[in-house]
Amino acid sequence: MLEGIKAVIFDLDGTLADTLRDLAHSMNKALESENLPTHPVGSYRKFVGNGISNLVKQVVMDKADDEELCRRVKAFFD
């Protein structure tokens with residue numbers, strides 16, 4: 001029945017596993033690495049859901065047009 005299947009991937013983030021606190025902590029560390037203001041964990045509920053690149057743009061706020069800054073924040077987060 002499952003012949004030929006070598007792997008199964010589950011996306012548990014936010015559905016079966018509550019990882020908001022971990023995601024907020026990691027992103028806040030990335031923001032701190034660039035001396036940017038951090039956000040409370042609860043704020044991340046409105047930031048998440050559209051991928052990491054969009055998350056970075058939202059959390060850097062008024063500096064979202066600075067592509068190099070966004071790249072560095074994302075690299076630190078990754």
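So, how was this worked out
Residues numbered from 1 in each chain as written. Predicted model: local features only at pLDDT ≥ 70, side-chain atom pairs only at ≥ 80, totals over all residues. Heavy atoms only, no water. Helix = DSSP H or I, 4+ residues; strand = E, 2+ residues; numbered from the N terminus. Axes fitted to C-alpha atoms, helices over the stretch in contact; angles between N-to-C directions. Parallel < 35°, antiparallel > 145°, perpendicular 65-115°, else oblique. Left-handed = near helix turned anticlockwise from the far one by under 90°. Contact = heavy atoms within 4.5 Å. Salt bridge = Lys/Arg side-chain N within 4 Å of Asp/Glu carboxyl O. Buried < 20%, exposed > 50% of the residue type's maximum accessible area, 1.4 Å probe, protein only.

Enquirer: Any chance you could explain unusual backbone geometry here in plain terms?
Expert: Note: most peptide bonds trans; most residues except glycine with negative phi. You will see that N35, though not glycine, has its phi angle at about 55 degrees, which is positive. Within the secondary structure, N35 sits in the loop between α1 (20-33) and α2 (44-47). For M61, which is not glycine, the phi dihedral falls at a positive 55 degrees. Topologically, M61 is positioned in the loop between α3 (52-59) and α4 (67-77).

Enquirer: Explanation requested: the packing of α1 against α3 in the structure shown.
Expert: The axes of two packed helices give the description: the angle between them and the distance between them. In the contact formed by α1 and α3, the axes pass within 11 Å of each other and the chain directions differ by 60 degrees. On the basis of their axis angle, the class for α1 and α3 is oblique. For the pair α1 and α3, the crossing hand works out as right-handed. Across the interface between the two elements, L23, M27 and L31 from α1 touch L55, V56 and V59 from α3.

Enquirer: I'm lost on the pattern of salt bridges in this one. Help?
Expert: Two side chains with opposite charge may pair up if their charged atoms get near one another. Tallied over the entire structure, the rule returns 5 salt bridges. Salt-bridge contacts for R72 lead to E34; the nearest nitrogen and oxygen are separated by 3.0 Å. Pair noted here: R72 is in helix α4 and E34 is in the loop between α1 and α2, with a separation of 38 residues, a long-range link. The shortest N-O distance in the salt bridge between K74 and D78 comes to 2.8 Å. We classify K74 as partly exposed; its relative accessible area is 27%.

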